[in-house]
Amino acid sequence: MSSALPQLNMLATVDWGGLLNYDPTSPLIFTRFFFWGFFAVVLAVLSVVYKQSTLRIGWLTLASLFFYWKTSGIFVGLLSFSIAMDHFIAKASAASPDVRRKKLLLALSITVNLLLLCYFKYAHFVVDTINATFGTTFEAVNYFARWANAAWDAHFMENKVLLPVGISFYTFHCISYQVDVYRGHVQPVRNISDFAFYVSFFPALVAGPIIRASVFLPQMAKEYSLTRAQFGLAIFWILNGLLKKMLIGDYIAVNFIDRVFSDPMRFTGFESLMAAFGYSLQVYADFSGYTDIAIGLSLLLGFTLPANFNSPYKARSTAEFWKRWHISLSTWLRDYLYIPMGGNRGGSLFSWIMTSIVLAVFVLLTGNLMLPFVFLIIGAALAVVARLWPPFKNMITTNINLMLTMLIGGLWHGASWMFVIWGGLNGIGLLIYKGWSRISPWNKSEHWFARFQAIAITFAFITFTRFWFRSPTLEHVNLMLGQIGGDFGWHLAPDVIWGFRSVFLMILLGFVVHWLPTSTKDWYRRKFAALPLWAMALACIVVVGVIYQTVTAEAVPFIYFQF
């Protein structure tokens, strides 16, 4: 009896309120022990209610909303608003036989979703751009904080618009759902709790992958199922993702990459170049690691998420790279932006409106009032050529659609002109490849040297664009490129390699595993999934131990959380 008292006293001293409250310094993310305690509770309750579909979906929805509360605080209210709005708009659209009414409802949903996204994500970006262009002193105002302060005598900051975690991802979930309902590809769900579960499903809520309703909703109607093979794969994906993120991505970032990018003038051009190649590995290990964990967690909960990566650094062209990298976003932009603009069939009104906006912004940023006349002359010349030669018109409009898609995709990643430049560079890379592929004698060659050369050039180009993706300003990019193009420091390379030998070995390991044949990866994945449970448990212990030996004092956030 007395031996139980210390345990009861320990339970009594636990700050249960603290476990339930939102703490911005301790978000509920995959790399924290608290998350795995949360997930254990989710699985424990699921093991009781899994046979009853309504209770199962209800419990997982409640867990997902709690997860978002612990990750983003009061913004769970914004998420709930988006869920309620899109649920009822979709039901009204599906029930109406009037095509015009359907279009108006679709326009309403897309407009409100994008306005919310743009306000929270781009308010400071727009205000700063206006101030820099016109010399004004406007400030972004957090109206939601102002209203809350007035209503409840609260003390939220009114001069800073905070970014809700995952807003880009769940906004795209909502928009794709509305478009698919409008197109008749899916039927709207009957219960708001079902739609809430689709939008807020916590493994994919804050950093994807972006899940189509047509893929996820049918799984909700099925009974819970978890085979022995699926369990083994789930454990593999979770361990694989943790190793990618914490052993490779975080280790090389903290011990080398972040140091170089934070102060490039202290390092040689060789170190800057190695940091850029290392960052290509880091951002892949970080983001694909998150996706791997999300896929594993989802399998344990009875759901299958779509693949989001397919060894992107094996790509032989920029076009192939974007079919292998962040697949859920690439296909989303293709189906809901590029094709509606006209795709490779021609232009649309939206294409020309967006082109005009992009050119107008470029004029404002440069302050050169002669540019509009230059653009008009170029446009008139292109129009004359297109009139005389119709195939030229299709080529121009197709390339405009492609370029606009990449620019918007770049802006989706962050409220900064650096991301727009990064998207534009990738767009230019796609256009150059389109032209080169028509005349290249080696484009379809399967010779090993042709493949090696194509992969190396593609990887080097993608790494080059990441200077703009990673750096905070153009000046910072110029410093790093200046170091590489100036005093490269070849004579110090051996000392650098030896001094950072553990980092370079980790980078080498990461790339070796990445470039392994797909058949090899499938083989050891299946072998792991077939291991006995005791061996899997031992593997978990070993992985946790290895990660514990390399982890830093502070958890390194996932890179794509900021998007």
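Here the residue numbers are simple positions, counted from 1 along each chain's written sequence. Only residues with pLDDT of at least 70 are given local features in this predicted model, and only at 80 or more are side-chain atom pairs given and counted; all residues enter the totals for whole chains, interfaces and linings. Side-chain descriptors were evaluated using all non-hydrogen atoms of the structure, hydrogens and water having been removed beforehand.

Engineer: Residue-level account of unusual backbone geometry, with values.
Structural biologist: The bulk of non-glycine residues show a negative phi, and the bulk of peptide bonds are trans. A positive phi angle, near 45 degrees, is found at Ser-311, a position not held by glycine. Helix and strand definitions here come from DSSP, where helices need a minimum of 4 consecutive H or I residues and strands a minimum of 2 consecutive E residues; each element is numbered from the N-terminal end. Relative to the assigned elements, Ser-311 resides in the loop between helix H13 (269-301) and helix H14 (318-324). At His-326, a position not held by glycine, the phi torsion is positive, near 45 degrees. Inspection of the secondary structure assignment puts His-326 in the loop between H14 and helix H15 (327-338). For every residue, the accessible area (1.4 Å probe, protein chains only) is compared with the maximum for its type, and the residue is labelled buried under 20%, exposed over 50%, or partly exposed between those bounds. We classify His-326 as buried; its relative accessible area is 0%.

Engineer: So, the pattern of salt bridges: which residues are in play, and what are the values?
Structural biologist: Any carboxyl oxygen of Asp or Glu within 4 Å of a side-chain nitrogen of Lys or Arg constitutes a salt bridge here. Evaluation of the coordinates by the stated rule reveals ten salt bridges. One salt bridge connects Asp-286 with Lys-245, and the closest N-O pair in it is separated by 2.7 Å. Taken together, the residues span a long stretch of sequence, with Asp-286 in helix H13 and Lys-245 in helix H12 (residues 228-262) at a distance of 41 residues. Each of the two residues, Asp-286 as well as Lys-245, counts as buried. In this structure, the salt-bridge partner of Asp-335 is Arg-334, at a minimum N-O distance of 2.7 Å. One salt-bridge network, held together by shared partners, links Arg-212, Arg-334 and Asp-335.

Engineer: Give me the packing of aromatic side chains: which residues, what numbers.
Structural biologist: Stacked, tilted and edge-to-face are the three classes assigned to paired rings of Phe, Tyr and Trp, where Trp is represented by its six-membered ring and a pair needs centres within 6.5 Å; plane angles under 30 degrees give stacked, over 60 edge-to-face, the rest tilted. Under the criterion given, the structure shown has 64 aromatic pairs. Aromatic pair Phe-201 and Phe-202: ring centres 6.3 Å apart, planes at 45 degrees, arrangement tilted. Judged on exposure class, the residue Phe-201 and its partner Phe-202 are both buried. Relative to Phe-469, the ring of Phe-419 has its centre 5.3 Å away and its plane inclined at 85 degrees; by these criteria the two rings are edge-to-face. Here Phe-469 lies in helix H20 (residues 448-470) and Phe-419 lies in helix H19 (residues 417-439), a separation of 50 residues in the sequence. Sitting above the plane of the Trp-325 ring, Arg-466 keeps its charged end 4.7 Å from the centroid. Ring-over charges, as used throughout, are those where CZ of Arg or NZ of Lys falls within 6 Å of the ring centre and within 35 degrees of the ring normal.

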